[in-house]
Amino acid sequence: MAALNTPNADLEQALFKANLKEKRLRQRVVLIALVPAAVGALWLLYSLYEVTTWQTRAQQIGEREAATQQRENEAHQQVADADAKRIAAEAAEKTAQAAEKAAKARADDMQQRLVKARAEIGGLAPLLAEVSSIKAKASKLNASEAVETDLTEIRTTLGRTLGRIEQEIDKGLPATEQKARVYLFYSDDTQRDTARALVPILEGAGFDASLAKNPGRKMDATEIRYFHEGQDKADAARIQALVAAQSGQTDCHLNPTTDADHAAGARKFQVWFGKPSVAPR
């Protein structure tokens, strides 16, 4: 049986088709709207991921920069501390150098004073010869035993005292300043000139030399007296050669003696010029 075509059926069919078409259009619109939204959501997620990544990297870079800055600050502080220590060390070194310089100046001054005192003490040694001369003169007087005894005691005390003082002074002096002393005993002007000419020669040979007036002993020949046989004989021979070369007195001889008063203290030698004297060349 054939379908009935009525106006209502056509209308319903048209409405159905229109609804179907509208439905399809809506679906398309929804799809068209959802695709950009999905793309936007994906782009937003991707952007969020990138931002998070860059934030993480930026934070890491910031942390590294902060660590680097901290290391630089620590390095600068270490450099500053090192500079401060260097400046303090330089100041301490300058202070130490100044103190050392002052101490050296004081030591040099003290050494000069000791050398001068040693020379002055050494200059008193000829008093022993003068006391001996006075004792010899006193022995010719009547009842001179007491005077001779007193002079002997004076001579002994003086010799021992001078010896102790010389020993104490030598303890504070370097070995180069502990020079043996040579006393040049002269009787007249000619002998004095000869002795004076010998002073720089003996000093150049490493001795201290000083002039002393002969208290009255008459010497037939020049003598080189020394007081320690084993220790001083070689230097006595050197002095003998220098005296013979300067004075022309080839007959000068060595005379070791055991005089305890002269043997005390610093090493010493005596040159007693005899007659006839020859003028220095």
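Since the structure is predicted, the reported quantities are computational estimates derived from the model, not experimental observations. (Residues numbered from 1 in each chain as written. Predicted model: local features only at pLDDT ≥ 70, side-chain atom pairs only at ≥ 80, totals over all residues. Heavy atoms only, no water.)

Novice: I keep staring at helix 5 (residues 229-247) and nothing clicks. Help me out?
Specialist: Along an α-helix, residues three or four apart share an orientation, since each turn contains 3.6 residues. Residues of helix 5 that are buried include every one of Asp232, Asp235, Ala236, Ile239, Val243, Ala244, Gln246 and Ser247, and no others. Just downstream of helix 5, glycine 248 is the residue with a positive phi angle, here 80 degrees. (Buried < 20%, exposed > 50% of the residue type's maximum accessible area, 1.4 Å probe, protein only. Helix = DSSP H or I, 4+ residues; strand = E, 2+ residues; numbered from the N terminus.)

Novice: So what exactly am I meant to see when it comes to the pairing of strand 3 (residues 223-226) here?
Specialist: Taken residue by residue, a regular strand's side chains alternate between the two faces of the sheet. Along strand 3, one buried face is formed by Glu223 and Arg225 and the opposite face, lined by Ile224 and Tyr226, is buried too. Pairing geometry for strand 3 and strand 4 (residues 253-256), over four bridges, is parallel. Counterpart to arginine 225 in the pairing with strand 4 is asparagine 255. Read as a crossover between parallel neighbours, the route from strand 3 over helix 5 to strand 4 is right-handed. Across four bridges, strand 3 lies against strand 5 (residues 268-272) in antiparallel orientation. What sits directly across from arginine 225, in strand 5, is glutamine 270. (Pairing = 2+ DSSP bridges. Right-handed = clockwise from strand over helix to strand, strands pointing away.)

Novice: I would appreciate a short explanation of the packing of aromatic side chains in the present structure.
Specialist: For any pair of aromatic rings, the description consists of the separation of the ring centres together with the inter-plane angle of the planes. By the definition in use, this model includes three aromatic pairs. Summarising the aromatic geometry, the rings of tryptophan 43 and tyrosine 46 are spaced 5.7 Å apart at their centres and angled 40 degrees between planes, so their arrangement reads as tilted. Highlighted residues: tryptophan 43 and tyrosine 46, both in helix 1 (residues 7-122), separated by three residues, approximately one helical turn. Between phenylalanine 207 and phenylalanine 269 the ring centres are 6.1 Å apart and the planes differ by 85 degrees, which places this aromatic pair in the edge-to-face class. In this pair, phenylalanine 207 sits in the loop between helix 4 (189-204) and strand 2 (208-213) while phenylalanine 269 sits in strand 5, placing the two residues 62 residues apart along the sequence. Note on accessibility: phenylalanine 207 and phenylalanine 269 belong to one class, buried. (Phe/Tyr/Trp six-rings, centres within 6.5 Å; stacked < 30°, edge-to-face > 60°.)

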